[in-house]
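# Coordinate analysis (summary)
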Amino acid sequence: RLKEAQRSLGGLGALGREGVRLLLDDDDCAGCRVLVIGRQSASDAAAQLAAFGAEGRLTYASVDLGADYAALRDALGRFCDGVAPLTACLHLAGTYGRATAAELSSDALAAATRAKAAGAVHLHRAAIELEQHPAFVHFGSLATVYAGTGLAAYASANAFLAWFACWQ
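A brief report on the enclosed structure follows. Model, not experiment: these values are computed from the prediction. (Residues numbered from 1 in each chain as written. Predicted model: local features only at pLDDT ≥ 70, side-chain atom pairs only at ≥ 80, totals over all residues. Heavy atoms only, no water.)

### Comments concerning helix H4 (residues 69-80)
For H4, with 12 residues, the first-to-last C-alpha span of 16 Å sits near the 16 Å given by 1.5 Å per residue. Those residues of H4 lying buried are Tyr 69, Leu 72, Ala 75, Leu 76, Gly 77, Phe 79 and Cys 80. Here the buried face of H4 lies against strand S2 (34-38), strand S3 (58-62) and helix H5 (106-129). Directly beyond the C-terminal end of H4, a positive phi value near 70° is found at Gly 82. (Helix = DSSP H or I, 4+ residues; strand = E, 2+ residues; numbered from the N terminus. Expected span 1.5 Å × (residues − 1). Buried < 20%, exposed > 50% of the residue type's maximum accessible area, 1.4 Å probe, protein only. Contact = heavy atoms within 4.5 Å.)

What follows is the structure in structure tokens.
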């Protein structure tokens, strides 16, 4: 049931697209480059990226943020390589799905929390290894405090993220 209900957030989801649009349209960010990381393939993301009309300023990397640290580090390394430092990291990744705690096996809980929890750790670790010092903005949810029935995994991932942001 959880697998059927899961919805991918971040990357080129609704908040991700709006964040990218705000960065590309802001006069204060006129020279900035944006790297979008998402799980969909680059070919599937191409039409969405083209709609921004920001050729040369917008790069996409198909990476499972929470599961593939090496690919994430490589994508960030290619993006930063001698061009400009990584100044900010907006972490919107997450998986939303409804299932009670009793319905979640340990594997299902890990899969449901991986993008938000492990993704935050992976971004932090990659920045350190690449000697980058970006400002981190982590997007959480009120579900951390006001979770409804069936939001066990989503609420726990967001609770971890709130703790991690404070630690960071």
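### Here we look at the packing of H5 against helix H7 (residues 152-167)
In helix packing, the relevant descriptors are the interaxial angle and the interaxial distance, both defined with respect to the helix axes. Orientation of H5 relative to H7, taken along the N-to-C sense of each, is 15°, at an axis distance of 8 Å. When the axes of H5 and H7 are compared, the pair comes out roughly parallel. Handedness of the H5/H7 crossing: right-handed. Across from Leu 109, Ala 112, Thr 113, Lys 116, Ala 117, Ala 120, Val 121 and His 124 in H5, the residues of H7 making contact are Ala 153, Ser 156, Ala 157, Asn 158, Phe 160, Leu 161, Phe 164 and Trp 167. Its residues placed into classes, the contact of H5 with H7 shows 11 nonpolar, four polar and one charged. (Axes fitted to C-alpha atoms, helices over the stretch in contact; angles between N-to-C directions. Parallel < 35°, antiparallel > 145°, perpendicular 65-115°, else oblique. Left-handed = near helix turned anticlockwise from the far one by under 90°. Nonpolar A, V, L, I, M, F, W, Y, C, P; charged D, E, K, R; others polar.)

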